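Given next are the chains, with one letter for each unit.
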Amino acid sequence: MAGGQERSMKTLKEVWRRAENSFCADCGKPDPDWASSTLGVFICLSCSGIHRNIPSISKVKSLKMDHWDDAQVQFLAKHGNAVTKATYEAHIPIYYYQPTYNDCQVLREQWIRAKYERKEFMEPGKQLPYSDGVKEGILWKRGRDNGQFLPRKFLLSEREGCLKYFTKQDAKEPKINVKIDVINATFQPVKIGNPNGLQITYLKDNKTRNIFVYHESGKEVVDWFNAIRSVQFHYLKVAFPIASDNEIKNRLTRNFLKEGYMEKTGPKQREAFKKRWFTLDHRRLMYFKDPLDAYAKGEVFVGSRENGYSVQKGLPSGTQGNFSWHYGLTIVTPDREYLFTCETETDQMDWIAAFNSVINQAMTPQEYAIEAYFKFKS
């Protein structure tokens, strides 16, 4: 009896040590220490909590604290992450967003449910709710001026290549009509104050416009997100016929590089520093009075190092103006310096790292055009 248990534990540890099982099967987090005894996958603590909410599909146990009988160990040995992924992830559309451990709960939960509960990716060519090229429905949208969330009809069309929303259900003309190639969408549950909160941004006259929406159903809001990615993918396939699928995939929706509060001063660098919410969206640094403002109060283009852009720790000596935060940083551009202060040293270093990740990249021809617009505007 004891010898059998020892053999089972030895086998369990050997299976656990396989390279394929060294990352969570669902979010990719290193060193998972939970597993599903019914699916045969190794998962992290966070994903195990989602599995626990679908007990008819997945039974989870700790690899360190729970008892595993011989049949369960053999099941794990026969399956594991590679075999199970080959079944449940066999036909994932290229545009479908596969979340990581850095993503929010609703994305990870709907990814797990899509795989194991709804079995969306097991058959080729399966009709999916986000693959039709058209999606219509109600989303709760935050009012630009009053801040109230009200139900609005949204329509996404691959044929027209646009996203529309209507202020009334029976309205014939949309409030907005946005081309799909200038849209971004990113989940913002904390900022919006709703676990299913989605921020949609688009360029209007080369300025960023924010729309904040949510839906009561996590599945529905993630379906909207992937429908946007699907329409974008097929639009870009036509616009750039020689680009590879992976190149186009990398041009779909993106998460912001960093967001948070900093203090800033004006161009004369003698004004008092004011607290603002900042969003770094690749080469666009936008600042807002409130995180949920529809439009930025200002935008700064962040170019490449070879074009004269850099970020420096601290403020220039002799900087005037009152500031309450003392961890400064300076963005240097060919035209002027932008001065900011952060609340903590950690914030300061995180912002510097984010700016350097952009500045160290070479600029594309499209980004040179954007830089020219910023210079003309200023």
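Residues numbered from 1 in each chain as written. Predicted model: local features only at pLDDT ≥ 70, side-chain atom pairs only at ≥ 80, totals over all residues. Heavy atoms only, no water.

Looking only at helices and strands, the chain has ten helices and 17 strands in total. Seen through its C-alpha atoms, the chain measures out along the principal axes to roughly 80 × 55 × 45 Å. Relative to its 378 residues, the chain shows a buried fraction of 49%. For the chain, the accessible surface area stands at approximately 18800 Å², while carbon and sulfur atoms represent 50% of it. Charge centroids of the chain, computed over 56 positive and 45 negative side chains, lie 3 Å from each other. (Helix = DSSP H or I, 4+ residues; strand = E, 2+ residues; numbered from the N terminus. Buried < 20%, exposed > 50% of the residue type's maximum accessible area, 1.4 Å probe, protein only. Areas by Shrake-Rupley, 256 points an atom, 1.4 Å probe, with all protein chains shown as cover. Lys, Arg positive; Asp, Glu negative; His and termini not counted. Charge placed at Lys NZ, Arg CZ, Asp CG, Glu CD.)

This part is about the pattern of salt bridges. What the rule picks out here adds up to 18 salt bridges. Between lysine 64 and aspartate 33 there is a salt bridge, with the nearest N and O atoms lying 3.9 Å from each other. Pair noted here: lysine 64 is in the loop between strand S3 (60–62) and helix H3 (70–78) and aspartate 33 is in the loop between helix H1 (2–16) and strand S1 (34–36), with a separation of 31 residues, a long-range link. For aspartate 33, a relative accessible area of 22% corresponds to the partly exposed category. We note a salt bridge from arginine 283 to glutamate 367, for which the minimum N-O separation is 2.8 Å. Taken together, the residues arginine 283 in the loop between strand S12 (274–281) and strand S13 (284–288) and glutamate 367 in helix H10 (residues 365–377) connect sequence positions 84 residues apart. Here arginine 283 matches glutamate 367 in class, with each residue buried. Here the residues in one salt-bridge network are Asp26, Lys85, Glu89 and Lys115, joined through shared partners. (Salt bridge = Lys/Arg side-chain N within 4 Å of Asp/Glu carboxyl O.)

The strand order S14-S13-S12-S11-S17-S16-S15 describes an open sheet built from seven strands, whose pairing is antiparallel. Of all strands in the sheet, those with a lone pairing partner are strand S14 (298–301) and strand S15 (310–313), marking the two edges. Looking at each pair of strands side by side, their axes are set apart by 35° on average, direction ignored. Looking at chain direction, S13 and S14 are connected through four bridges and run antiparallel. Counterpart to leucine 285 in the pairing with S14 is valine 300. Sheet strands in contact with helix H9 (residues 345–359) are strand S11 (258–264), S12, S13, S15, strand S16 (327–332) and strand S17 (337–342), and its direction is about 160° off that of S15. (Pairing = 2+ DSSP bridges. Axes fitted to C-alpha atoms, helices over the stretch in contact; angles between N-to-C directions. Contact = heavy atoms within 4.5 Å.)

Turning next to the environment of arginine 276. The topology assignment puts arginine 276 in strand S12. Judged by relative accessible area, arginine 276 falls into the buried class, the value being 12%. Each C-alpha atom, one on arginine 276 and one on lysine 175, is 29 Å from the other, the two residues being 101 residues apart in sequence. Once you skip the residues sitting within four places of it in the chain, arginine 276 turns out to touch Gly260, Tyr261, Met262, Lys264, Tyr287, Phe288, Lys289 and Lys297.

With that settled, consider the sheet that holds strand S2 (residues 42–43). Here three strands make up an open sheet; going across it, the order is S2-S1-S3 and the pairing antiparallel. A strand with exactly one partner marks an edge of an open sheet, and here the two such strands are S2 and S3. Where S1 lies against S3, three bridges are found, and the strand directions are antiparallel. The partner of tryptophan 34 across the bridge, within S3, is serine 62.

The next point concerns the layout of surface pockets. The calculated volume of the largest pocket comes to roughly 1200 Å³. Lining the largest pocket are 38 residues, and of these Asp181, Arg251, Leu252, Arg254 and His282 sit closest to its centre. Looking at the lining of the largest pocket, the elements that each hand over two or more residues are strand S8 (183–187), strand S9 (198–204), helix H7 (218–239) and H10. Among the elements that line the lining of the largest pocket, the one with the most residues is H7, at six residues. When grouped by side-chain class, the residues that make up the lining of the largest pocket number 16 nonpolar, 13 polar and nine charged. (1 Å grid on protein atoms, 1.4 Å probe; cavity = no way out; pocket = protein on both sides within 12 Å on 5 of 7 lines; lining within 4 Å. Points joined across faces, edges and corners; volume = space filled by probe spheres on them. Nonpolar A, V, L, I, M, F, W, Y, C, P; charged D, E, K, R; others polar.)

Its 15 residues place the ends of H9 21 Å apart at the C-alpha level, agreeing with the 21 Å of an ideal helix rising 1.5 Å per residue. Buried within H9 are the following residues: Gln348, Trp351, Ile352, Ala354, Phe355, Val358 and Ile359. Buried residues of H9, viewed axially, fall in a sector of 165°; they line one side. On its buried face, H9 is in contact with S11, S12, S13, S15, S16 and S17. (Expected span 1.5 Å × (residues − 1). Arc of directions from axis to C-beta.)

Moving on, we get to helix H5 (residues 105–117). Look at H5: 17 Å from first C-alpha to last across 13 residues, which is about the 18 Å you get at 1.5 Å a residue. Judged by how many residues are buried, H5 sits mostly within the fold: eleven of 13 residues are covered. Taken together, the buried positions of H5 are Val106, Leu107, Arg108, Glu109, Gln110, Trp111, Ile112, Arg113, Ala114, Lys115 and Tyr116. On its buried face, H5 is in contact with helix H2 (45–52), helix H4 (80–88), S8 and H7. Just past H5, the residue lysine 119 takes up positive phi, approximately 50°.

So, about the confidence of the model for the chain. Across the chain, pLDDT averages 92, with 98% of residues at or above 70. When pLDDT is averaged over each element of the chain, H5 comes out on top at 98 and H1 at the bottom at 75. (pLDDT = per-residue confidence, 0-100.)

On to the domain arrangement of the chain, then. As assigned here, the chain comprises domain 1 (1–117), domain 2 (134–250) and domain 3 (258–376). Each of domain 2 and domain 3 has a C-alpha centre, and the two are 27 Å apart. Residue-level contacts link 14 residues of domain 2 with 13 residues of domain 3. Interface area for domain 2 against domain 3, summed over the two sides, is near 1300 Å², with a carbon-plus-sulfur share of 45%. Considering only the surface of domain 2 that becomes buried against domain 3, Lys191, Asn206 and Thr208 emerge as the three largest contributors, covering 43% of it. At the boundary of domain 2 with domain 3, the tally comes to one salt bridge. Linking domain 2 with domain 3 are six residue pairs in polar contact (both at pLDDT 80 or more). Breaking the side of domain 2 that touches domain 3 down by element, the ones donating at least two residues are helix H6 (189–192), S9 and strand S10 (207–214). Top contributing element to the side of domain 2 that touches domain 3 by residue count: S10, with five residues. (Domains from an automatic or database assignment. Buried area = accessible area lost by both parts, 1.4 Å probe. Polar contact = N/O pair within 3.5 Å; in protein donor to acceptor, adjacent residues only side chain to side chain.)

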